[in-house]
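Observations on the model geometry
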Amino acid sequence: MTTCFKQLVTKKIVMAKDIGIHGNLFGGTLMAWLDEAAAAYATEYCYTPNMVTVRVGELIFKKPLKAGQHVRIYAEVIELGNTSISLKLEATKYNLYSGEETVVCSTDMRFVRIDDDGTPTGIGETVRRKHELRLKGIEPSITHL
Ligand SMILES: CC(C)(COP(=O)(O)OP(=O)(O)OC[C@H]1O[C@@H](n2cnc3c(N)ncnc32)[C@H](O)[C@@H]1OP(=O)(O)O)[C@@H](O)C(=O)NCCC(=O)NCCS
């Protein structure tokens with residue numbers, strides 16, 4: 001599978017209000033954070049707000065999160081299709097003292113670009129050129145595209 005390098009999208013702090021009955025971060029809250037981060041990254045990557053989620057893959061909660069802990073969410077493009085973009089998402093627990101990060105949750109999501117009628121429409125050529133460059137390890141600026 002071809003991948004692009006992963007990008008930090010979101011930082012969060014687990015608040016007392018986010019804790020469920022087991023004393024851990026409520027799973028639905030983390031899912032919402034992942035969904036928002038993924039949507040923000042996919043639309044930014046594809047230069048369009050007109051994208052919808054078509055698929056969420058297996059979601060693994062590897063480790064619990066407690067109140068006060070810092071969370072980072074990373075996204076990585078794993079595939080650019082005709083009308084879709086697939087991302088790998090990873091949430092990590094960030095240790096403020098050591099800078100160490102531990103993966104707490106991971107999944108993958110696919111978004112589809114749609115037109116005004118909600119019909120799938122092709123990912124733009126500019127996005128494809130950028131993606132090709134990034135696969136070669138080049139981080140293009142918008143003026144190069
Ligand atoms: C997303 C949606 C527009 C796709 O419509 P569709 O008629 O299935 O589209 P197509 O069959 O032409 O497929 C379009 C793309 O979606 C992908 N796709 C469709 N169904 C899929 C599935 N079950 N799993 C993974 N990818 C899928 C196709 O692979 C294709 O990608 P590609 O062009 O890069 O190869 C439509 O299913 C939809 O509107 N779903 C609801 C979206 C939504 O409300 N999301 C929640 C809030 S954002």
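Use the structure listed above.
Here goes a summary of the coordinates provided. As the structure is a prediction and not an experimental result, all values here were calculated from the model. (Residues numbered from 1 in each chain as written. Predicted model: local features only at pLDDT ≥ 70, side-chain atom pairs only at ≥ 80, totals over all residues.)

**Quick notes on the site of the ligand**
Looking at the ligand, there are 13 residues lining it, with Val52, Gly81, Asn82, Thr83 and Ser84 nearest. Every element with two or more residues in the shell around the ligand is listed here: strand 2 (51-56) and strand 6 (101-113). Counting residues per element, the shell around the ligand draws most heavily on strand 2, at four residues. (Near = placed C-beta within 6 Å. Helix = DSSP H or I, 4+ residues; strand = E, 2+ residues; numbered from the N terminus.)

**Some thoughts on the nonpolar core**
Counting residues in each nonpolar core, the largest one holds 30 residues, and the members touching the most others are Ala37, Ala38, Ala42, Ile73, Ile85 and Leu87. Among the secondary structure elements, those contributing two or more residues to this core are helix 1 (27-45), strand 4 (70-80), strand 5 (84-94) and strand 6. In contact with Ala42, not counting residues within four places along its chain, are Met51, Ile85, Leu87 and Phe111. (Core = buried A, V, L, I, M, F, W, Y, C linked by C-beta atoms within 7 Å. Buried ≥ 20, exposed ≤ 12 C-beta atoms within 10 Å, placed from the backbone. Contact = placed C-beta atoms within 7 Å.)

**What about the pairing of strand 4?**
Summarising the sheet, strand 1 (residues 7-13) and strand 4 pair through six bridges and their orientation is antiparallel. Residue pairing in the sheet places Ile13 in a bridge with His70 of strand 4. Sheet topology note: the strand 4/strand 5 ladder contains ten bridges and is antiparallel. Each bridged residue has a counterpart across the sheet, and for Glu76 the counterpart in strand 5 is Lys88. (Pairing = 2+ DSSP bridges.)

**As for the pairing of strand 6**
Here five bridges tie strand 2 to strand 6, and the two strands are oriented antiparallel to one another. Bridging across to strand 6, Val56 finds its partner in Met109. As paired elements, strand 3 (residues 60-61) and strand 6 share two bridges and run antiparallel to each other. Considered in strand 6, the bridge of Phe61 is made with Cys105. Between strand 5 and strand 6, which pair antiparallel and follow one another directly, the connecting turn spans six residues, one of which, Gly99, has a positive phi of 75°.

Shape descriptors only; they carry no functional weight alone.
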